[in-house]
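This is what each chain is made of:
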Amino acid sequence: MSRLPEDRGGELRALFFESANELLQSLNEAGLELESRPADEEVIRRVRRAVHTLKGDSAACGFNKLSELAHELEDVLTPQIAQARGADLAELVLTAADSFGAMLTSYQHRKEPPPVDALHAMIRKLLAEPASPENSGTRAAAAVPHLPAQFAWTEYERLMISEAVHRGETVYNVALRIDPNSLMRAAAFQLIRNVLHGSGTLIALRPEDNLTAATVEIVEAALASSQPEEKLLKRCRIPSIVTDVRLEHAATAETPEHELLGDLLEAQAAKLVAGASESTEGGERTNAGTSGSAVTAVAESTLRVDATRIDAVMNLVGELIIGKSMLNRTLTEFDQKHARDPLRAKLADAMAFQARILDELHKCVLKIRMVPVEQLFRRFPRVVRDVAKQCGKDVALELSGQNTDLDKGILDALAEPLMHLVRNAVDHGIEPADERLLAGKAARGTIYLNAYHQGTQVVIEVRDDGRGIDPVALRARAIEKGLLKPEEAKRLTDQETLNLIFESGFSTASEVTEVSGRGIGMDVVRTVLDRLKGTVQVSSQKGRGTTIQLRAPLTLASIQTLLFRVGGRLFAVPLSSVVEITRITDPEIHRVDQREVLQLREQILTLVRLDHLSRLRSIDTQPVRKKHFVIVIGAAEKRFGLLVDSLVGEEELVIKALPGEIVSSDLVSGASILGDGTVVLILNVPAVLSRLSRATPLGAIA
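Only a predicted model underlies this, so the values are computations on that prediction, with no experimental measurement involved. What you see as residue numbers is a count from 1 along each chain, following the sequence as written. Where local features are concerned, this predicted model is filtered to residues with pLDDT of at least 70; where side-chain atom pairs are given and counted, the filter is 80 or more; whole-chain, interface and lining totals use all residues. Side-chain descriptors were evaluated using all non-hydrogen atoms of the structure, hydrogens and water having been removed beforehand.

Caption draft 1: Seen up close, the overall build of the chain. Assigned secondary structure in the chain consists of 24 helices and 22 strands. Per-residue accessibility, obtained with a 1.4 Å probe over protein chains only, is compared with the maximum for each type, and a residue is labelled buried under 20%, exposed over 50%, and partly exposed between these values. For the chain, the residues scored as buried account for 45% of the 702 residues in total. What makes two residues a contact is simply this: any of their non-hydrogen atoms within 4.5 Å. For the chain, contacts bridging at least 24 residues in sequence account for 70% of all contacts bridging at least 6. Surface accessibility follows the Shrake-Rupley procedure with a 1.4 Å probe radius. Residue values consider only the protein chains on display as shielding. By element, 51% of the accessible surface of the chain is carried by carbon and sulfur atoms, the whole surface being about 36,300 Å². Helix and strand definitions follow DSSP, with helices as H or I runs of at least four residues and strands as E runs of at least two, each counted in order from the N terminus.

Caption draft 2: Fine view of the sheet that holds strand E11 (residues 545–553). At least two DSSP bridges between two strands are needed for those strands to be called paired. Within the open sheet, the 5 strands sit side by side as E6-E8-E9-E11-E10. Their pairing is mixed. Of all the strands in the sheet, the pair left with one neighbour each is strand E6 (395–400) and strand E10 (535–541). Along the sheet, successive strands turn relative to each other by an average axial angle of 15°, direction set aside. As defined by bridge partners, strand E9 (residues 457–464) adjoins E11 across 8 bridges and the pair is classed as antiparallel. Considered in E11, the bridge of Gln457 is made with Pro553. For helices, the axis comes from a line fit to the C-alpha atoms of the stretch in contact; other axes are also lines fit to C-alpha atoms, and the angle between any two N-to-C directions lies between 0 and 180 degrees.

Caption draft 3: Structural detail: the confidence of the model for the chain. What pLDDT reports is the predictor's confidence in each residue, on a scale of 0 through 100. Per-residue confidence for the chain gives a mean pLDDT of 77; residues scoring 70 or more make up 79%. Considering each helix and strand of the chain separately, the mean pLDDT is smallest for helix H7 (residues 133–143), with a value of 39, and largest for E6, with 91. Low pLDDT, under 50, characterises residues 276–300; the predicted model gives this stretch 19 contacts beyond four residues in sequence or across chains. Every residue in residues 695–702 scores below 50 in pLDDT, and together they form 25 contacts with partners more than four places removed in sequence or on other chains.

Caption draft 4: Representation of the packing of helix H2 (residues 41–60) against helix H8 (residues 155–166) within the structure. Orientation of H2 relative to H8, taken along the N-to-C sense of each, is 30°, at an axis distance of 9 Å. By the angle class used here, H2 and H8 are roughly parallel. Mapping the contact onto sequence places Glu42, Arg45, Arg48, Arg49 and His52 in H2 and Glu155, Tyr156, Leu159 and Met160 in H8. Only Asp, Glu, Lys and Arg are considered charged, only Ala, Val, Leu, Ile, Met, Phe, Trp, Tyr, Cys and Pro nonpolar, and every remaining residue, Gly among them, polar. The class makeup of the residues in the contact of H2 with H8 is 3 nonpolar, 1 polar and 5 charged. Any angle that falls under 35 degrees is termed roughly parallel, while one over 145 is termed roughly antiparallel, one within 65 to 115 roughly perpendicular, and all others oblique.

Caption draft 5: How the structure looks around the packing of aromatic side chains. Side-chain rings of Phe, Tyr and Trp, where Trp is taken by its six-membered ring, are said to pair if the distance between their centres is within 6.5 Å; with planes under 30 degrees apart they count as stacked, over 60 as edge-to-face, and otherwise as tilted. Enumeration over the complete set of coordinates arrives at 6 aromatic pairs. An aromatic cluster of three or more residues is present, and its members are Phe16, Phe17, Phe63 and Tyr107. The ring of Tyr448 carries the charged tip of Arg463 above its face, separated from the ring centre by 4.1 Å. Here Arg583 stacks its cationic end above the ring of Phe629, 4.3 Å away from the centre of that ring. Criterion for a charge above a ring: Lys NZ or Arg CZ within 6 Å of the ring centre, and within 35 degrees of the ring normal.

Caption draft 6: The nonpolar core, seen in detail. Residues grouped as a nonpolar core are buried Ala, Val, Leu, Ile, Met, Phe, Trp, Tyr and Cys residues, joined through side-chain atoms within 4.5 Å. With 45 residues, the main nonpolar core has Phe380, Leu414, Leu418 and Leu550 as its most contacted residues. Considering each element in turn, this core owes the most residues, 9 residues, to helix H18 (residues 408–429). Leaving out residues up to four positions away in the same chain, Leu418 has contacts with Leu376, Phe377, Phe380, Leu449, Ile460, Val462 and Leu550. Of all hydrophobic cores here, the second largest spans 38 residues; its members include Ala20, Val51, Leu89 and Tyr107.

Caption draft 7: Broad picture of the side chain of Gln25. By the element assignment, Gln25 lies in helix H1 (residues 6–36). Among the residues examined, Gln25 registers a relative accessible area of 15% and is labelled buried. When near neighbours in sequence (up to four residues on either side) are disregarded, Gln25 contacts Arg378 and Arg379.

Caption draft 8: Examining the environment of Asp645 more closely. By secondary structure assignment, the location of Asp645 is in the loop between strand E19 (638–644) and strand E20 (646–654). Considered as a pair, Asp645 and Phe564 are 81 residues apart in the sequence and their alpha carbons are 7.5 Å apart.

The following block contains the structure:
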């Protein structure tokens, strides 16, 4: 057989890896359900279906070790084993998901897959200790009807029969009566099984094992075979074993599309191989016809596009927005010079139409990148289960707001911070069961994950009902670690003390474990949120729990900003960070601890002068001002006032990242271009707040 062309083979593998990740997630979810409902046959069918799909997909892509492992796992996924060894089967499914994940990672990096000896040992152990004969016999006897046979296949088996028919195979329902005088029915059943296996592909069989066969008289099977009926009947009439045989075509319900990706991949692979090899024209037409309908069905429902292509479209839309601003400015100049020109009204109408269409285009492109936060939340039930088991705790997870949408890039960036927060909540936040009972709480702790929109931001909350954070203990720990001096710790408010947990190297854990204790995780949370131009806020009540809020913009492509001038240069600050704007006079400015401050109502604000930075000087000669504009900027619980020369107005800016060699300071997060070509520097509010909190002079921006 010829190999697939490299480019098409790469497409199939990319499709496989994307599909396999979804299958692994479904295995994790089903494994967790099996822990609570070990005898639920519907969950077992879902697991078998996912494993079967993975088996077919991996075989079509040439990943034989993965396919063989999935095939071996299928033998264990039976209701009988689930009834007798439900807890072990759930553990097996979760271990299989981890093993499959490790193998997929190796295949993606074109490495040899790691050994999975532990999974093989678990499978052999469950197969060696099947369900008890009493239970198995009772269940099988109830499932296997007497002649005339009813062929009551499960949903999973009916699906397999339907797909075999769609592939052009002939599927028969076969019923065989074992000779009632036979003294060794288990051996007779094994002979029947061997004959059926030799006659075609055995899709379903009742009973399923030799042990159950000792108590039944009728054997039922669903068999896909290319042999004629007469030959099958002759093979099934085994002398001294089978006294009666019933053979009929299997009835299948019409399905609109294939639900298993493996069949699609196999059909596409067959078509490609047929085109590359020296086969007959008739054979090529057969292969093309086999895969065409399946390919069309999938193409109509989904369209997979590389993220870089969407980013390119987003960038072009940003350029169009800048072009719209340029046209608006040009139209304003034209209006001033030719106020009575009849073309003025036509140009205005054309500009309004273009602006409306461009706004809709911008919204559509943004929606393409938007995905529900459910894609991120789905992985955390398994995380909570594993960490709780490792820590010896009983912890539940409650999810809400899964349909909240945000940019795919931001969603991916938030995965690591959320992982740290959830693991910390289980390890540090939730108390052991005995401690919770003494405090009058339920033995089981609960972690809540919630997401919702707030203005132009998305808010993700991680909350627990654990022991909370003690500010006094936190200050003592900070002094012990050398992060604070005793006199500095006394001046900290409770909120400022809680923010210490985000300092690098700071941890409240008494010992380093596999879960936490190194003081790295919370620092990562703050670093990622700063990079996303977002904020992180923590609140806690001792004995009642802790809540951590992550706030991030819905998209990083464009933002609403407030423009202002300082020293003749144009700056912008995100409008979501602006609390209010006020005007003050020089006598209202005071100095405290070598800093300029302002008393605004009941609050003391630190003032920041951008024109006093070491490398930023006024471009034009500015008159001495007695009144100043102050933009009050806030993030989380912190506030500061920005002294500016003049306000320009609100503007939607398309963010352009700046190379490090142009702007080396972290106080600028990006830049944009106005319609007249003016470059605007966008202030990085979290970086300014961080610099203020460290009580060091602000460095240069440009």
